[in-house]
Amino acid sequence: MKLTFSPASPFARKVRIAAIETGLIDKIELTPAAVAPAQPNEEYSKITPLKKLPVLILDNGEVLLDSYVIVEYLDELAGGGKLIPTSGAERWRVKSDHSLTQGMLDSMLLCRYEGMVRPEPLRWKGWSDDHWNRAWAGMARFESKPEVLAAPFNIAQIGLVCVLGYADFRFADCGWRKAFPKLDAFYQKMMERPSVKVSVPPPA
Ligand SMILES: N[C@@H](CCC(=O)N[C@@H](CS)C(=O)NCC(=O)O)C(=O)O
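The rules we used
Residues numbered from 1 in each chain as written. Predicted model: local features only at pLDDT ≥ 70, side-chain atom pairs only at ≥ 80, totals over all residues. Helix = DSSP H or I, 4+ residues; strand = E, 2+ residues; numbered from the N terminus. Rg over C-alpha atoms; globule rule 2.2 N^0.38 Å. Contact = placed C-beta atoms within 7 Å. Domains from an automatic or database assignment. Expected span 1.5 Å × (residues − 1). Buried ≥ 20, exposed ≤ 12 C-beta atoms within 10 Å, placed from the backbone. Core = buried A, V, L, I, M, F, W, Y, C linked by C-beta atoms within 7 Å. Axes fitted to C-alpha atoms, helices over the stretch in contact; angles between N-to-C directions. Left-handed = near helix turned anticlockwise from the far one by under 90°. Nonpolar A, V, L, I, M, F, W, Y, C, P; charged D, E, K, R; others polar. Near = placed C-beta within 6 Å.

Colleague: Describe the overall build of the protein, listing the residues and the values that go with them.
Modeller: Along its length, the protein carries ten helices and four strands. Ordering the α and β elements of the protein from the N terminus gives β-α-β-α-β-β-α-α-α-α-α-α-α-α. On C-alpha atoms alone, the protein measures out to a radius of gyration of 17 Å, which is about the 17 Å that the 2.2 N^0.38 rule sets for 204 residues. Oriented by its inertia axes, the alpha-carbon framework of the protein measures out at about 50 × 45 × 30 Å. Contacts in the protein between residues far apart in sequence, at least 24 positions, make up 67% of those at least 6 positions apart.

Colleague: Describe the domain arrangement of the protein, and please don't skip the residues or the numbers.
Modeller: By the assigned domains, the protein splits into domain 1 (2-77) and domain 2 (88-193). Listed per partner, the contact involves ten residues of domain 1 and twelve residues of domain 2. Within the residue set of the side of domain 1 that touches domain 2, elements represented by two or more residues are helix 1 (10-21) and helix 3 (67-77). Take the side of domain 1 that touches domain 2: its biggest share by element is six residues, from helix 1.

Colleague: Explain unusual backbone geometry to me, and be specific about the residues and the numbers.
Modeller: In this structure, the amide linkage connecting Leu53 to the following residue, Pro54, adopts the cis form with an omega of 10 degrees. If you trace the backbone, Pro54 turns up in the loop between helix 2 (42-47) and strand 3 (56-57). Cis geometry is found at the peptide bond from Leu65 to Asp66, where omega equals 5 degrees. Looking at where Asp66 falls in the secondary structure, it is placed in the loop between strand 4 (63-64) and helix 3. A positive phi angle, near 65 degrees, is found at Ala38, a position not held by glycine. Positioned with a positive phi, Lys51 is a non-glycine residue whose angle comes to about 55 degrees. For Lys51, the location among the structural elements is in the loop between helix 2 and strand 3.

Colleague: Explain helix 4 (residues 88-117) to me, and be specific about the residues and the numbers.
Modeller: Taking 1.5 Å of rise per residue, 30 residues should cover 44 Å, and helix 4 covers 42 Å from first to last C-alpha, within 8% of that figure. If you check which residues of helix 4 are buried, you get Val94, Asp97, His98, Leu100, Thr101, Gln102, Met104, Leu105, Ser107, Met108, Leu109 and Cys111.

Colleague: Outline the nonpolar core, supporting the account with residue identities and numerical values.
Modeller: Ranked by internal contacts, the top residues of the largest apolar core, which has 43 residues, are Ala18, Leu105, Ile155, Val161 and Val163. For this core, the elements supplying multiple residues, two or more each, are strand 1 (2-5), helix 1, helix 3, helix 4, helix 5 (125-143), helix 7 (155-170) and helix 9 (181-190). Not counting residues up to four positions away in its chain, the partners in contact with Val161 are Tyr187, Met190 and Val196.

Colleague: Run through the packing of helix 4 against helix 5, naming residues and quoting values.
Modeller: Across the interface, helix 4 lies against helix 5 with an axial gap of 8 Å and an inter-helix angle of 150 degrees. Regarding helix 4 and helix 5, the two cross each other, and that crossing is left-handed. Residue-level contacts link Leu100, Gly103, Met104, Ser107, Met108, Leu110, Cys111, Glu114 and Gly115 of helix 4 to Trp127, Ser128, His131, Trp132, Arg134, Ala135, Gly138 and Arg141 of helix 5. Each residue belonging to the contact of helix 4 with helix 5 can be placed in one class, and the counts come to eight nonpolar, six polar and three charged.

Colleague: Can you tell me about the site of the ligand, naming the residues and giving the values?
Modeller: Neighbouring the ligand are 15 residues; Ser9, Phe11, Lys52, Asp66 and Ser67 lie closest to it. The set of elements that each furnish at least two residues to the shell around the ligand consists of helix 1, helix 3 and helix 4. Grouping the amino acids of the shell around the ligand by side-chain chemistry returns nine nonpolar, three polar and three charged.

In structure tokens:
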């Protein structure tokens, strides 16, 4: 299998961590891809009309998108229940928390594009502030849920690791560690896992 990949992408990082944790990383070739808003990439658009990474290209040529689906696929391929509880209330709690981290990453990425990619005269501060506030409110939600931070290792925690790592990477001055000490402790603990440590985005 091939995973379209950039070390800067928090979504690709999530899949990489999930692949390591499920023992499938050796079956996956990380294929570098570069995509950005307002930059056409016809070759890549043939792989996915959304022109986003990551996608997983299966050995039979089928293409799975997006990171939310890919990690579910890997979990099933590894026998199920490794990162996502297989049934019951906990399954839906973990999936919902995973969705929350997904939305936080979407908002943070929009802030990044708005603040650093969009030409300055076209920027809309109220809009990016709104998106930043969503990500921040998501962090506050997780800070108030110690049971989520202490649960058996799961995909929502991986998503949260990617949120916090992306905050360090692109919004280094945002002050999340001070504002959210439980998330800070959580991140430090997660960094003890080789999968998390090896996938920290390189300095920009
Ligand atoms: N929902 C997608 C989001 C993927 C995404 O936004 N990827 C970014 C890179 S981190 C991207 O491809 N951006 C290019 C663009 O939006 O033009 C997923 O979970 O995989």
